[in-house]
Structures are given as C-alpha cells and as structure tokens.
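Architecture at a glance
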Amino acid sequence: MRDWAKARRERTHHLIELGGLVQKARLVDLTDDDRATLLGAFLDIAGQLQGSNVTTPVDLKTRWRRAGLHAFDAEKEHVERKEQP
C-alpha cells in the first residue's frame, strides 16, 4: 500500500473514532444533530483550553478526562451485565 493511502486510511479511522465519541456522549441527540451547535460547543471548549476563562485548562482536562473514564467504565459494566446469563 502506498504511503499516502496508508496515511489517508489512518486519518479516516481517527476521524471515525472521534465521531464515535460525539455519538457516545449523546451530543448528536442532545443537539438534534445541529452541527452549528456542536461546532459552537467545540469552539467554546477550545477557548476554555486556551485559557479564556477562570478555570485552568489543566483543571478542565482533568475534569473532562475523569468524566470520560467514568462513562467508559459505566458502559463496560453495562455490557458485562448484559452478557451474563
């Protein structure tokens, strides 16, 4: 496989995974699939990470990571319960 094709495939896979996170967070449903609202939210997050508010970017990332890890764990537990006989 050519290098450019491999790089394109890897980028596509990465973007699909990111879209999956948006879906997993239920942002598509909560915004009625309004892409302008989603983009605005992402731009707001980016602004927060650039330090344009009182909360430090490190604190924001720590809080978001903790919430994300909790959501992944909860989903894993839910799937494991469904698989038990």
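Only a predicted model underlies this, so the values are computations on that prediction, with no experimental measurement involved.

Okay, the domain arrangement of the chain next. Accessible area lost on assembly of the parts is the figure often given for the size of an interface. Here the chain is partitioned into domain 1 (1-53) and domain 2 (54-84). Opposite the 7 residues of domain 1 that make contact, domain 2 presents 8 residues. Of the roughly 660 Å² buried between domain 1 and domain 2, counting both surfaces, carbon and sulfur atoms make up 64%. Put simply, domain 1 and domain 2 have 1 salt bridge between them. In this structure, E75 engages K24 in a salt bridge whose closest nitrogen and oxygen atoms are separated by 2.4 Å. Put simply, domain 1 and domain 2 have 1 residue pair in polar contact (both at pLDDT 80 or more) between them.

Following both chains from N to C, one finds helix α3 (residues 35-49) and helix α4 (residues 57-83) inclined at 130°, their axes separated by 8 Å at the closest point. One finds that α3 runs oblique with respect to α4. Seen from α3, the contacting residues are I45, Q48 and L49; seen from α4, they are P57, L60, K61 and W64. Of the residues belonging to the contact of α3 with α4, the class tally is 5 nonpolar, 1 polar and 1 charged.

Analysis parameters
- Residues numbered from 1 in each chain as written.
- Predicted model: local features only at pLDDT ≥ 70, side-chain atom pairs only at ≥ 80, totals over all residues.
- Heavy atoms only, no water.
- Domains from an automatic or database assignment.
- Contact = heavy atoms within 4.5 Å.
- Buried area = accessible area lost by both parts, 1.4 Å probe.
- Salt bridge = Lys/Arg side-chain N within 4 Å of Asp/Glu carboxyl O.
- Polar contact = N/O pair within 3.5 Å; in protein donor to acceptor, adjacent residues only side chain to side chain.
- Axes fitted to C-alpha atoms, helices over the stretch in contact; angles between N-to-C directions.
- Helix = DSSP H or I, 4+ residues; strand = E, 2+ residues; numbered from the N terminus.
- Parallel < 35°, antiparallel > 145°, perpendicular 65-115°, else oblique.
- Nonpolar A, V, L, I, M, F, W, Y, C, P; charged D, E, K, R; others polar.

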